[in-house]
Amino acid sequence: RDRIDQVVHLGLAGPAIKRLVTDHGVLLIVNEGEGTGADRNLVELFGRACGEFDRRVAMVQPDQWGHFTPCSEWDVRALVNHVTVEDLWVPPLLEGSTIEQVGDRLDGDQLGDEPQAAWRRAFTAATEAAASLESVDTAVHVSRGDIPAGDYLMEVAADNLVHSWDLGIAVGADTELDPELVE
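This is a predicted model, so every value here is computed, not measured. (Residues numbered from 1 in each chain as written. Predicted model: local features only at pLDDT ≥ 70, side-chain atom pairs only at ≥ 80, totals over all residues. Heavy atoms only, no water.)

1. Observations regarding the nonpolar core
Piece 1. Grouped together as the largest cluster of nonpolar side chains are 47 residues, with contacts concentrated most on Phe-46, Val-80, Val-90, Leu-94, Tyr-152, Leu-153 and Leu-167.
Piece 2. Per-element tally for this core: the top contributor is helix H5 (residues 149-171), with 10 residues.
Piece 3. Those residues in contact with Leu-94, other than ones at most four positions away along the chain, are Ala-129, Ala-130, Leu-133, Val-140, Ala-149, Tyr-152 and Leu-153. (Core = buried A, V, L, I, M, F, W, Y, C linked by side-chain atoms within 4.5 Å. Buried < 20%, exposed > 50% of the residue type's maximum accessible area, 1.4 Å probe, protein only. Helix = DSSP H or I, 4+ residues; strand = E, 2+ residues; numbered from the N terminus. Contact = heavy atoms within 4.5 Å.)

If you want it as structure tokens, here you go:
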């Protein structure tokens, strides 16, 4: 949290600006609107950011899972697993579970023999959980304490978006991200 490696701006209509530094060294800037419209906008932005990663996972060829990525500690498979695990956390945390209640069931490889299908299931579950969220103000229990669901979703969205670029570089796919999501 001492170093900011990247800045991601997720825009919503409204005057309030929140700045969050995620656990991955990303400064996330969220322009927040007010009320239910802003809730829906935030959920839409979450889905679009996750969709950017989804689009690139679909482009991974069978011989590319071992390719290096800009994230020096991960090859393509490890990068996709990282984002898959992050998205798998979304449903239980939005439903009110604590990290202790989830336990270690999301540790390790979650991709199995069909990594693209495993990712797709995680993506679908995360975006469906976000879409059914009643309020972005709902408390989510994360390792550093309770935070609003909207903040949590934007952290996960930022990670999906940042790693979309990483994955695009690794597999020679499109690296241009949705201009409304990135500034």
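2. Points about helix H4 (residues 115-131)
Piece 1. The end-to-end C-alpha distance of H4, which contains 17 residues, comes to 24 Å, matching closely the 24 Å that a straight helix rising 1.5 Å per residue would cover.
Piece 2. Listing the buried residues of H4 in full gives Pro-115, Ala-118, Trp-119, Ala-122, Phe-123, Ala-126, Thr-127, Ala-129 and Ala-130. Looking straight down H4, one finds that the buried residues subtend no more than 160° of arc, so they occupy a single side. Opposite the buried face of H4, by more than 90 degrees, sit the exposed residues Arg-121 and Glu-128. (Expected span 1.5 Å × (residues − 1). Arc of directions from axis to C-beta.)

3. What to know about the side chain of Asp-87
Piece 1. Here Asp-87 shows up in helix H2 (residues 76-94).
Piece 2. Within the buried core, Asp-87 has no salt-bridge partner, and the shortest N-O distance to an opposite charge, that of Arg-120, equals 9.4 Å.
Piece 3. Within polar-contact distance, the side chain of Asp-87 engages the side chain of Asn-160 at 2.9 Å.
Piece 4. Those residues within four positions of Asp-87 in sequence are excluded, and the remaining contacts are Cys-50, Trp-119, Ala-122, Phe-123, Ala-126, Val-156 and Asn-160. (Lys, Arg positive; Asp, Glu negative; His and termini not counted. Salt bridge = Lys/Arg side-chain N within 4 Å of Asp/Glu carboxyl O. Polar contact = N/O pair within 3.5 Å; in protein donor to acceptor, adjacent residues only side chain to side chain.)

4. Here we look at the packing of H2 against H5
Helix-helix packing is described using two parameters, namely the angle between the two axes and the distance between the axes.
Piece 1. Interaxial distance between H2 and H5 falls to 10 Å at its minimum, and their mutual angle equals 165°. Put simply, H2 runs roughly antiparallel to H5. Between H2 and H5 the crossing geometry is left-handed. When H2 is examined against H5, the residues Val-76, Leu-79, Val-80, His-82, Val-83, Glu-86, Asp-87, Trp-89, Val-90, Leu-93 and Leu-94 are found in contact with a partner set consisting of Ala-149, Tyr-152, Leu-153, Glu-155, Val-156, Asp-159, Asn-160, His-163, Asp-166, Leu-167, Ala-170 and Val-171.
Piece 2. Looking at side-chain class alone, the contact of H2 with H5 contains 15 nonpolar, 3 polar and 5 charged residues. (Axes fitted to C-alpha atoms, helices over the stretch in contact; angles between N-to-C directions. Parallel < 35°, antiparallel > 145°, perpendicular 65-115°, else oblique. Left-handed = near helix turned anticlockwise from the far one by under 90°. Nonpolar A, V, L, I, M, F, W, Y, C, P; charged D, E, K, R; others polar.)

5. A look at H2
Piece 1. Look at H2: 28 Å from first C-alpha to last across 19 residues, which is about the 27 Å you get at 1.5 Å a residue.
Piece 2. Summarising burial for H2: 16 of the 19 residues are buried, a large majority.
Piece 3. A distance of 3.2 Å separates the backbone nitrogen of Arg-77 from a side-chain oxygen at the start of H2, and that oxygen is part of Asp-75.
Piece 4. One or two steps after H2, the chain reaches Gly-96, where phi turns positive at roughly 105°.

6. Quick word on the environment of Gln-64
Piece 1. Assignment of secondary structure puts Gln-64 in the loop between helix H1 (35-57) and H2.
Piece 2. Apart from residues lying up to four places away in sequence, Gln-64 is in contact with Met-59, Val-76 and Val-171.

7. Thoughts on the pattern of salt bridges
Pairing between side chains of opposite charge can happen when their charged atoms approach one another.
Piece 1. Taken as a whole, this structure holds 10 salt bridges when the rule is applied.
Piece 2. Among the ionic pairs, Glu-52 bridges to Arg-56, the shortest N-O distance being 2.8 Å. Of this pair, Glu-52 and Arg-56 both sit in helix H1, 4 residues apart, which is roughly one turn of the helix.
Piece 3. Two residues, Asp-174 and Arg-56, come together in a salt bridge whose shortest N-O distance is 4.0 Å. Highlighted residues: Asp-174 in the segment after H5 and Arg-56 in helix H1, separated in sequence by 118 residues.
Piece 4. Judged by relative accessible area, Asp-174 falls into the partly exposed class, the value being 34%.
Piece 5. By sharing partners, the salt bridges in this structure join Glu-44, Arg-48, Asp-178 and Glu-180 into a single network.

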